[in-house]
Amino acid sequence: MPVARIHVTTQAGRLYDPASVLDSLGIPVVYTWLRDTWGAWSADHGRVVVASGLSAVQERCVLAHEVEHVLAGDTGCMDRDQLTALRQERRADLKAARKLIAISDLCEVAQWAPDVPTVAAELGVTERLVEVRLDDLKGEGWPAWQVGSKIAG
């Protein structure tokens, strides 16, 4: 099911609510047990699937990632070659991290936070997405150790 290309106006940083974005696009979110991923966009079914049992922070980050697949018109991981899949996952992570972690919020917290776990907790995101955002700001792209991300889908 193709998603109409529309411009979605959202708040950035701590105010960004990916669940509301999906709702405004008419994309349902289905919660179920997933073995090896935290979430996935199913273009064929027009829905986002999220692993049940995630924390609120994990769920928000997964939904932000999946929103980016929806907005990009990605069709799903089953039809992608490995290089295309990696590029799409990288793009979804970078755009999600940029929306979830505003530079102003990051700068405010970085003035006093001693480490990445503290920054992540304060900003309401996963440590992994903090690392993605920091690497993005350094111009280094996606952390190499994140190729096998459970958020990817």
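Please refer to the structure higher up on the page.
The following paragraphs examine the structure supplied in this document. What you see is a predicted model, and the numbers here were worked out from it, not measured in a lab.

Let us look at helix H3 (residues 82-100). An ideal rise of 1.5 Å per residue puts 27 Å on 19 residues; H3 measures up with 27 Å between its terminal C-alpha atoms. Within H3, the full set of buried residues consists of Ala85, Gln88, Glu89, Ala92, Asp93, Leu94, Ala96, Ala97 and Leu100. On its buried side, H3 packs onto helix H2 (56-72) and helix H6 (127-137). A side-chain oxygen of the first residue of H3 lies 3.1 Å from the backbone nitrogen of leucine 83; this N-cap is aspartate 81.

Our next topic: the nonpolar core. If you look at the biggest cluster of nonpolar residues, it comprises 33 residues, and the most contacted ones within it are Val48, Leu100 and Val125. Put simply, the parts of the chain that give this core at least two residues each are helix H1 (18-24), strand S3 (47-51), H2, H3, helix H4 (103-110), helix H5 (116-123) and H6. For this core, the leading source of residues is H2, giving 6 residues. Not counting the four nearest positions on each side in its chain, valine 125 is found in contact with Val57, Arg60, Cys61, Leu100, Ile101, Ala120 and Val130.

Tracing the backbone through its elements, the reader meets arginine 60 in helix H2. The side chain of arginine 60 sits in the buried core without any salt bridge; aspartate 17 is the nearest counter-charge, 6.1 Å away. Here glycine 124 takes part through its backbone oxygen, which lies 3.1 Å from a polar atom of the side chain of arginine 60. Dropping the residues within four chain positions of it, arginine 60 is found in contact with Gly13, Arg14, Tyr16, Pro18, Leu100, Leu123, Gly124 and Val125.

Counting buried positions along S3 yields 4 of 5 residues, so the element is predominantly enclosed. Looking at chain direction, strand S1 (residues 29-32) and S3 are connected through 4 bridges and run parallel. Residue pairing across strands places threonine 32 opposite alanine 51, the latter belonging to S3. Summarising the sheet, strand S2 (residues 39-42) and S3 pair through 4 bridges and their orientation is antiparallel. Along S3, the bridge assignment pairs glycine 39 with valine 50. Turn length for the S2-S3 hairpin, with the two strands adjacent in sequence and antiparallel, is 4 residues, and the turn residue glycine 46 shows positive phi of about 65°.

Calculation rules
- Residues numbered from 1 in each chain as written.
- Predicted model: local features only at pLDDT ≥ 70, side-chain atom pairs only at ≥ 80, totals over all residues.
- Heavy atoms only, no water.
- Helix = DSSP H or I, 4+ residues; strand = E, 2+ residues; numbered from the N terminus.
- Expected span 1.5 Å × (residues − 1).
- Buried < 20%, exposed > 50% of the residue type's maximum accessible area, 1.4 Å probe, protein only.
- Contact = heavy atoms within 4.5 Å.
- Polar contact = N/O pair within 3.5 Å; in protein donor to acceptor, adjacent residues only side chain to side chain.
- Core = buried A, V, L, I, M, F, W, Y, C linked by side-chain atoms within 4.5 Å.
- Lys, Arg positive; Asp, Glu negative; His and termini not counted.
- Salt bridge = Lys/Arg side-chain N within 4 Å of Asp/Glu carboxyl O.
- Pairing = 2+ DSSP bridges.

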